[in-house]
Amino acid sequence: MPTKTDLEEILTGEHPEVVLESIEPFSRLMMRYKCAIMEVETKLRVLNAEFSVQYDRNPFESIKSRLKSPLSILEKLRRRDLPVTLEGMEQLFDIAGVRVICSFQEDIYALVDMLLAQDDIRLIEKKDYIQHPKPNGYRSLHLIVEVPIFLSQEKRYMKVEVQFRTIAMDFWASLEHKLKYKKDVKDPELIAARLRACAEQSALLDLEMQKIRHLIEWGQE
Ligand code: 0O2
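Description of the structure in this document. Fair warning: this is a prediction, and the values are worked out from it, not measured in the lab.

1. Things to note about the overall build of the protein
A tally of helices and strands in the protein yields seven helices and five strands. Reading the protein from its N terminus to its C terminus gives the helix and strand order α-α-β-α-α-β-α-β-β-β-α-α. Within the span of the protein, comprising 221 residues, buried residues form 43% of the whole. Contacts in the protein between residues at least 24 apart in sequence constitute 66% of all its contacts with a sequence separation of at least 6.

2. Here we look at the environment of F51
The residue F51 is located in helix α2 (residues 23-55) in this model. Sequence separation between F51 and A168 is 117 residues; the distance between their C-alpha atoms is 22 Å. Excluding residues that lie within four positions of it along the chain, F51 makes contacts with D56, R57, P59 and M114.

3. Some thoughts on the nonpolar core
L44, M89, V98, V100, V160, V162 and F164 are the most contacted members of the largest nonpolar core, which has 44 residues in total. No other element matches the 11 residues that α2 contributes to this core. With residues near it in sequence (within four places) discarded, V100 still touches L44, F60, S62, L111, V162, Q163, F164 and R165.

4. Things to note about helix α5 (residues 105-116)
For α5, with 12 residues, the first-to-last C-alpha span of 17 Å sits near the 16 Å given by 1.5 Å per residue. Within the sequence span of α5, burial applies to Q105, D107, I108, L111, V112 and L115. One face of α5 carries all of its buried residues, which in axial projection span an arc of 150°.

5. What to know about the sheet that holds strand β4 (residues 141-150)
Read across the open sheet, the five strands follow the order β1-β2-β5-β4-β3; overall the sheet is mixed. Every other strand in the sheet has two partners, leaving β1 (60-67) and β3 (122-128) as the edge strands with one partner each. With strand direction ignored, the average angle separating the axes of adjacent strands in the sheet is 25°. As defined by bridge partners, strand β2 (residues 96-102) adjoins strand β5 (residues 155-166) across six bridges and the pair is classed as parallel.

About the cut-offs
- Per-chain numbering applies: the sequence of each chain, read as written, is numbered from 1 onward.
- For this predicted model, a pLDDT threshold of at least 70 governs which residues receive local features, and a threshold of 80 or more governs which side-chain atom pairs are given and counted, while totals over whole chains, interfaces and linings are taken from all residues.
- Neither water nor hydrogens contribute to the side-chain values; these are computed over all heavy atoms in the structure.
- Numbering of helices and strands runs from the N terminus; a helix is a DSSP stretch of H or I covering at least four residues, while a strand is a stretch of E covering at least two.
- For every residue, the accessible area obtained with a 1.4 Å probe (protein chains only) is divided by the maximum for its type, and the residue is called buried under 20%, exposed over 50%, and partly exposed between those limits.
- Whether two residues are in contact is decided by their heavy atoms, any of which lying within 4.5 Å being enough.
- Definition used in this section: a nonpolar core is a set of buried Ala, Val, Leu, Ile, Met, Phe, Trp, Tyr and Cys residues joined via side-chain atoms within 4.5 Å.
- One less than the residue count of a helix, multiplied by 1.5 Å, gives the span that helix is expected to have.
- The arc refers to the directions leading from the helix axis to the C-beta atoms.
- A pair of strands is considered paired only if DSSP assigns at least 2 bridges between the two.
- Structural elements are reduced to axes, namely lines fitted to C-alpha atoms, with helices fitted over the stretch in contact, and the angle between N-to-C directions of any two is expressed from 0 to 180 degrees.

See the structure below:
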């Protein structure tokens, strides 16, 4: 088991020979998170395939996955005042992250219901930033789920953060994320207000596109 110092050195990439043996438990934990991502991705792809046969369209456009980088893990452990140990890492729920980009808002809720109905998925937390957007305008639906992974000698439940967004929500969040890193802006309140206005306009656009789909499919909104 790595000591606090060992894991810090691994996470910062400054591990001398002496701590190399400590890398194995860290790599093993990261491998488990990677497997958990694969499990969640497969579940979502299976649902997509079934849905597309049933309704002749795909509920999601794409899936992006990521393992949190060692430096981001270290930064978050420090920010949350958690120990820089494997136990500390297990207190972070977003080391494994899956982002699902859906066509329409209602597809998000349909997919979430289908995923959570599976008997091997445990729901740990649900944050609906679509019904309750963040003050800056951010919209998405976040789940923390536990999913079982089956290794040669063990079955383990691992936590994965799954974010569901429409294309419009993803467009806004991606650009806002890029803009966030520009420091020393002249009028931050004005920038924040304009970004919030963009989020509101894109939410309206999302709903309008959904209504158009209803009109096309059912002849009414
Ligand atoms: P990355 O690289 O995308 O993972 P915390 O994780 O401590 O910031 P909390 O409460 O654990 O906060 O998580 P929250 O707020 O439910 O969701 C965090 C993740 O949602 C972020 O991950 C972003 O991916 C996304 N997110 C949340 N709020 C915003 C926002 O205002 N703008 C954008 N663009 N994305 C947001 P990370 O770790 O920041 O980054």
